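# Secondary and tertiary structure notes
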Amino acid sequence: MAWDEWEQLKSQAVQDGSTRMQLNQLDPGNGGRPAPDPNQYGDLKVSQKDLAKIGQNAFDLYDDLWNKGRRAVPTSESAAGTLTKGGFALGGALQHVALRWDQQLSSLRDACAHISNHMRVTKNLHADDDGYIRRQMSSIDLLDAGFDERVGPPGKQNSVYGEPDNKKGKG
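Summarised in this report is the structure supplied together with it. Just so you know, these numbers come straight off a predicted model, no measurement behind them. (Residues numbered from 1 in each chain as written. Predicted model: local features only at pLDDT ≥ 70, side-chain atom pairs only at ≥ 80, totals over all residues. Heavy atoms only, no water.)

With 14 residues, helix 3 (residues 72–85) should reach 20 Å at 1.5 Å per residue; the first-to-last C-alpha distance of 20 Å fits that figure. Just beyond helix 3, the residue with positive phi is Gly87, at close to 85°. (Helix = DSSP H or I, 4+ residues; strand = E, 2+ residues; numbered from the N terminus. Expected span 1.5 Å × (residues − 1).)

Here it is as structure tokens:
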């Protein structure tokens, strides 16, 4: 594109006013408005009940894929063998389709099993994390309070550490 043509397109875009030119950018889907504040939505919370339901659904899908998805494979393989014996090239193609179907079905079942197992153990593995983090943060808060001048006036002993020991210097 010639430079003059580029300048012409830019000036046309400015004259149109309501039409904007966007280069190398995808509309974020919010019509040009700023993105919403992520803090307004709150915390993401998931319960054992939620995880168990997802895991159960994945397990049910795993079973259904085996029970219903495999039905076509033996029939297709049998038909492929019959066609091949009859000298039809379609037999080899049907055999290929049946093999690919079986492979894809197996991959999908593996993914469902992975989801089911992961949901089953996720909550158990992380059950103590919240308590551990809470304990760590409370000890940091206590330490911070000891260094924070707002807890006590500067130059005075911080009340976080209790009353001053008057025994010093006596003895």
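Moving on, we come to a nonpolar patch on the surface. A contiguous nonpolar patch, built from Tyr132, Ile133 and Met137 and spanning about 310 Å² of accessible area, is present on the exposed surface. Looking at the secondary structure, you find Ile133 in helix 5 (residues 129–147). (Patch = residues over 30% accessible without salt bridge, like charges linked within 9 Å, V, L, I, M, F, W, Y side chains within 5 Å. Areas by Shrake-Rupley, 256 points an atom, 1.4 Å probe, with all protein chains shown as cover. Salt bridge = Lys/Arg side-chain N within 4 Å of Asp/Glu carboxyl O.)

A separate point is the pattern of salt bridges. Side chains that differ in charge, positive against negative, can pair when their charged atoms come close. Throughout the structure, instances matching the rule amount to 2 salt bridges. Across the pair Lys10 and Glu7 runs a salt bridge whose closest N-O atoms are separated by 3.4 Å. Of this pair, Lys10 and Glu7 both sit in helix 1 (residues 3–16), 3 residues apart, which is roughly one turn of the helix. According to the relative accessible area criterion, Glu7 is partly exposed, its value standing at 31%. (Buried < 20%, exposed > 50% of the residue type's maximum accessible area, 1.4 Å probe, protein only.)

Let us now look at the packing of aromatic side chains. All chains considered together, the criterion is met by 1 aromatic pair. Residue placement shows Arg109 over the ring face of Tyr62; its charged tip is 3.9 Å from the ring centre. (Phe/Tyr/Trp six-rings, centres within 6.5 Å; stacked < 30°, edge-to-face > 60°. Lys NZ or Arg CZ within 6 Å of the ring centre and 35° of its normal.)

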